[in-house]
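# What the coordinates show
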Amino acid sequence: MNYIYDIILNFNNNYYDFFEWKKSDSIINIKKIPLFLVSNDIFIMMKYDKVVVDNSFINLIKEKTYTYTKLKIGNASLISNGKEVIGVLFDDKGNVIKRSGLLIDEEEEVLEEIEIRAKYDIKIISHKKVKREEINRIERDKKNFLNNYIRNENNVSNLKYLYYDYFEEECDDTSIIKKRLLDIIKYSWNKKLDSFYNTVKIFDKIKN
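Residues numbered from 1 in each chain as written. Predicted model: local features only at pLDDT ≥ 70, side-chain atom pairs only at ≥ 80, totals over all residues. Heavy atoms only, no water.

## Here we look at the packing of helix α5 (residues 156-167) against helix α6 (residues 174-185)
Using the following cut-off: Comment: axis = line fitted to C-alpha atoms, over the contacting stretch for helices; angle = value between 0 and 180 degrees taken between N-to-C directions. Strands here mean DSSP runs of E at least two residues long; helices mean DSSP runs of H or I at least four residues long; both are numbered from the N terminus. Angle categories: roughly parallel below 35 degrees, roughly antiparallel above 145, roughly perpendicular from 65 to 115, and oblique for all the rest. Helix crossings get a hand from a simple test, with the near helix turned counterclockwise from the far one by less than a right angle marking a left-handed crossing and a clockwise turn marking a right-handed one. Residue contacts are defined here by distance: any two heavy atoms, one from each residue, within 4.5 Å place the two residues in contact. Polar here means any residue other than Ala, Val, Leu, Ile, Met, Phe, Trp, Tyr, Cys and Pro, which are nonpolar, and Asp, Glu, Lys and Arg, which are charged; Gly is therefore polar.
Packing of α5 against α6 leaves a shortest axis separation of 10 Å and a crossing angle of 45°. The angle between the axes of α5 and α6 places the two elements in the oblique class. Handedness of the crossing formed by α5 with α6: left-handed. Along its contact with α5, which presents V156, L159, K160, L162, Y163, Y166 and F167, the element α6 presents T174, I177, K178, R180, L181 and I184. Of the residues that constitute the contact of α5 with α6, the class distribution is nine nonpolar, one polar and three charged.

Here it is as structure tokens:
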């Protein structure tokens, strides 16, 4: 088994490039982690989709990743298609649960290391394709915030104000208000949604 030493990983439910990382993320300094070269198809599955791998692979990587602290991060490995590298975290049942990008200089070093490696065939038990949103992490977080706020807001006055603020028309039916506001969040992010988001943030701060 091949290993990579001394790299930074930032595991999240979705894959994020290093430039989308946040200061609040749990960034981990990895001392040692297994590395596998895989086919491009398997790499794309691991990067974006819902995947379950065979238990033999979990047994292969179990307790093989070490940090510089006593922190245990579970069943982890780096995988690469020869062009990109990601960190992948699995649960004990083989589900891909988190992914991480790499810092650009560290990714380049791993790609140099993996050039001479033979491909490893990770057996996939199940695979469900996930629709990819062509938005960045900031926009996705804003959409999630708006969805949660509107679904959980029960103050009729606030909802009516937000509805008028966006559509410039009045509505007294809260079910219609929520439905239409939730519908507009599904669209591509734009300046009007950004302004709406800022208004909702103010309402949320007042409420809390």
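And the narrative resumes.
## Describing the pattern of salt bridges
Threshold: We define a salt bridge as a side-chain nitrogen of Lys or Arg found within 4 Å of a carboxyl oxygen belonging to Asp or Glu. Each residue gets one of three labels from its accessible area relative to the maximum for its type: buried under 20%, exposed over 50%, partly exposed in between, using a 1.4 Å probe on protein chains only.
Across all of its chains, the model carries nine salt bridges by this definition. Here D25 makes a salt bridge to R137, at a shortest N to O gap of 2.8 Å. In this pair, D25 sits in the loop between β1 (2-9) and β2 (28-37) while R137 sits in helix α4 (residues 137-152), placing the two residues 112 residues apart along the sequence. Each of the two residues, D25 as well as R137, counts as buried.

Remember, this is a structural readout, not a statement about activity or role.
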